[in-house]
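Chain by chain, the residues run as shown.
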Amino acid sequence: MNIQEDVLDIFTSFKKGMEAFFMLPPIPHEMKRRHASVSTRIAMSLRPFFPKRVFVDTELLGADILIWDDSGPLLALFWSSSYLAKEQKMKAIAFHEEQKAPLTLAFSIFPDKERLLVYRIENGYIEYLHIDKNTFSEEVLSRCTVAEGKKDKEQLLLPLKMRKITSKDQ
């Protein structure tokens, strides 16, 4: 198996785990404020979709969730419940470059939206994706080199539904 097939398998396992995460009962209000609690819940959802020889840990080597084996990191995850701050994106890029993980993902969960916004970092590139929470289909929004991503000052946003302004709104 080559590295591209491994990365594809890893990403597929991530998507299946996130699908399982979104099928869990809603997160209690007090847990929403605790990043570590939600990270643990995500990690527990991911665990069944990776081989037994692989470890799934939270808050390891600076990643929110790290999937690794004896050879090192396989997948590093950095997440936010809202848009990722530029610092979070840069932290994910730095981790990817320093730890040489085959795949690093930074993503926004958006509890009240139908999509995840994912920064997929691999092979010197960053892909910006939307993943539909209902179908788990992907839409590639853009792709750039990691160097370009480091310079990028703009945040990718989810398209918002426009609503008509009525006389009541004015």
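Definitions and cut-offs
Residues numbered from 1 in each chain as written. Predicted model: local features only at pLDDT ≥ 70, side-chain atom pairs only at ≥ 80, totals over all residues. Heavy atoms only, no water. Pairing = 2+ DSSP bridges. Helix = DSSP H or I, 4+ residues; strand = E, 2+ residues; numbered from the N terminus. Axes fitted to C-alpha atoms, helices over the stretch in contact; angles between N-to-C directions. Contact = heavy atoms within 4.5 Å. Phe/Tyr/Trp six-rings, centres within 6.5 Å; stacked < 30°, edge-to-face > 60°. Buried < 20%, exposed > 50% of the residue type's maximum accessible area, 1.4 Å probe, protein only. Lys NZ or Arg CZ within 6 Å of the ring centre and 35° of its normal.

Taken in spatial order, the seven strands line up as 1-2-3-4-5-6-7 in an open sheet, and their pairing is mixed. A strand with exactly one partner marks an edge of an open sheet, and here the two such strands are strand 1 (55-60) and strand 7 (138-145). For this sheet, the mean inter-axis angle between neighbouring strands, taken without regard to orientation, is 20°. Two elements, strand 2 (residues 63-69) and strand 3 (residues 72-80), share five bridges in a ladder whose sense is antiparallel. Bridging across to strand 3, I65 finds its partner in L77. The sheet strands contacting helix 3 (residues 35-46) are strand 1, strand 2, strand 3 and strand 4 (103-108), and the helix crosses strand 2 at an angle near 30°. Packed onto the sheet, helix 4 (residues 86-99) meets strand 2, strand 3, strand 4, strand 5 (115-122) and strand 6 (125-132) and runs at close to 180° relative to strand 3.

A few words now on the packing of aromatic side chains. Tallying each qualifying case throughout the model produces eight aromatic pairs. Geometrically, the ring pair formed by Y83 and F110 is edge-to-face, given 4.7 Å between the ring centres and 70° between the ring planes. With Y83 in the loop between strand 3 and helix 4 and F110 in the loop between strand 4 and strand 5, the pair connects residues that are 27 residues apart, well separated along the chain. Of the residues examined, Y83 reaches a relative accessible area of 27% and is grouped as partly exposed. Following the ring pairs from residue to residue traces out a cluster consisting of F11, F14 and F107. Here the guanidinium or amino end of R143 rests over the ring plane of Y125, the centre of that ring lying 4.1 Å away.

Pairing between strand 6 and strand 7: seven bridges, direction antiparallel. Note on strand 7: the bridge partner recorded for I126 is C144. Between strand 6 and strand 7, which pair antiparallel and follow one another directly, the connecting turn spans five residues, one of which, F136, has a positive phi of 60°.

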